[in-house]
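Coordinates in review
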Amino acid sequence: REAVRLNAAEITEVSVADIEGKIAAIFCNGGDEAFVKVSLDQNSLEFFKKSLHLVKDDLDRLLIWRVFWDMTRDTKISALEFLEVVNSSLPPETNPGHILNVLKYCGVAARSYIPVGSYREECHKLFQLLWGMLQTAEGQDVKQNLFNKAVSFAA
C-alpha cells in the first residue's frame, strides 16, 4: 500500500509512471479511511473484473463492489458490464452481506439501467447465476435472498 495525499480539488490524479507494469491494480481508499468517491483506471478495472475474489480483506472487497456499482450509476461502465462482473465475481464471494448488497444492485441495474432489448436475456442470465449459487449456498438468509431474487428475475 502506498499513501497518497489528496489535493483540495475535485479530482486528484495519481501518477504511476514509475511503477507501470509492476502492479496489477490500484485501489484508492483501502480500509475506507477517507470520504472519497473512487473510480478505477482501465487496468485496475480489468484486474478486479477477473480477480475480485483475490482481495482477501472483506471491507476492501465490499468497497470495490461499491466502486463497480458507483461507476455504473455514473455511466463510467455500462450496466451490462456491471452484470458481467456480477456473473464472474459473485459466485466465489464468501461474505453473505456482500452477496445481499450485490443482489440489490442487480435488481436496480435490471429494472433501470440495462437496455430494453437486453432485459429478458440479462434477467435469464441472472436467474441462472442465482439458481446455481443457491445450490451451494450456506445460511438460511443467503438462500432465501438468492431464491427470492432468482424468482424475481424469472418473472
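Structure first, text after, so check above.
1. A short note on the overall build of the protein chain
- In terms of regular secondary structure, the protein chain is built from six helices and zero strands.
- Starting at the N terminus and walking to the C terminus, you meet the elements of the protein chain as α-α-α-α-α-α.
- Put simply, the protein chain has 155 residues, and 37% of those count as buried.
- The long-range fraction of contacts in the protein chain, counting pairs at least 24 apart against all pairs at least 6 apart in sequence, stands at 57%.
- Surface summary for the protein chain: the accessible area is close to 9,800 Å², and the carbon and sulfur share equals 51%.

2. Regarding the side chain of Glu122
- Mapped onto the elements, Glu122 comes out in helix α5 (residues 119-136).
- When its relative accessible area of 8% is taken as the criterion, Glu122 is described as buried.
- Not counting chain neighbours up to four residues away, the residues in contact with Glu122 comprise Leu80, Leu83 and Ile114.

3. Points about the packing of α5 against helix α6 (residues 140-154)
- Running from amino to carboxyl end, α5 crosses α6 at an angle of 155 degrees, the nearest separation of the two axes being 8 Å. In terms of axis orientation, α5 runs roughly antiparallel to α6. The interaxial crossing formed by α5 with α6 has left-handed handedness. Between α5, through Cys123, Leu126, Phe127, Leu130, Trp131, Met133 and Leu134, and α6, the contact on the second element is made entirely by Lys143, Leu146, Phe147, Lys149, Ala150, Phe153 and Ala154.

4. Some words on a nonpolar patch on the surface
- On the surface, Trp131, Phe147 and Val151 cluster together into a nonpolar patch covering about 260 Å² of accessible area.
- With respect to the helices and strands, Phe147 occurs in helix α6.
- Relative accessible area serves as the criterion here: at 37%, Phe147 is assigned to the partly exposed category.

5. Let's talk about the packing of aromatic side chains
- Overall, the coordinates contain seven aromatic pairs when judged by the stated rule.
- For the ring pair Phe47 and Phe48, a centre distance of 5.3 Å and an interplane angle of 70 degrees mean the geometry is edge-to-face.
- Of the residues examined, Phe47 reaches a relative accessible area of 25% and is grouped as partly exposed.
- Here Phe48 falls in the buried class, since its relative accessible area comes to 5%.
- Aromatic side chains Trp69 and Tyr105 sit 5.2 Å apart centroid to centroid with 5 degrees between the ring planes, which places their arrangement in the stacked category. With Trp69 in helix α2 (residues 58-73) and Tyr105 in helix α4 (residues 96-113), this pair connects stretches of sequence that are 36 residues apart. Both residues of the pair, Trp69 and Tyr105, belong to the buried class.
- One aromatic cluster in this structure is built from Trp69, Phe82, Tyr105 and Tyr113.

6. Focus: the pattern of salt bridges
- Following the criterion strictly, the structure yields eight salt bridges and no others.
- When the shortest N-O distance is used, the salt bridge between Glu46 and Lys49 registers 3.2 Å. Linking Glu46 with Lys49, this pair stays in helix α1 (residues 42-51), spanning three residues, or about one helical turn.
- On the basis of relative accessible area, Lys49 is assigned to the buried category, the value being 14%.
- Where Asp70 meets Arg73, a salt bridge forms, and the shortest distance between an N and an O atom there is 2.9 Å.

Reading the values: rules and limits
- Residues numbered from 1 in each chain as written.
- Predicted model: local features only at pLDDT ≥ 70, side-chain atom pairs only at ≥ 80, totals over all residues.
- Heavy atoms only, no water.
- Helix = DSSP H or I, 4+ residues; strand = E, 2+ residues; numbered from the N terminus.
- Buried < 20%, exposed > 50% of the residue type's maximum accessible area, 1.4 Å probe, protein only.
- Contact = heavy atoms within 4.5 Å.
- Areas by Shrake-Rupley, 256 points an atom, 1.4 Å probe, with all protein chains shown as cover.
- Axes fitted to C-alpha atoms, helices over the stretch in contact; angles between N-to-C directions.
- Parallel < 35°, antiparallel > 145°, perpendicular 65-115°, else oblique.
- Left-handed = near helix turned anticlockwise from the far one by under 90°.
- Patch = residues over 30% accessible without salt bridge, like charges linked within 9 Å, V, L, I, M, F, W, Y side chains within 5 Å.
- Salt bridge = Lys/Arg side-chain N within 4 Å of Asp/Glu carboxyl O.
- Phe/Tyr/Trp six-rings, centres within 6.5 Å; stacked < 30°, edge-to-face > 60°.

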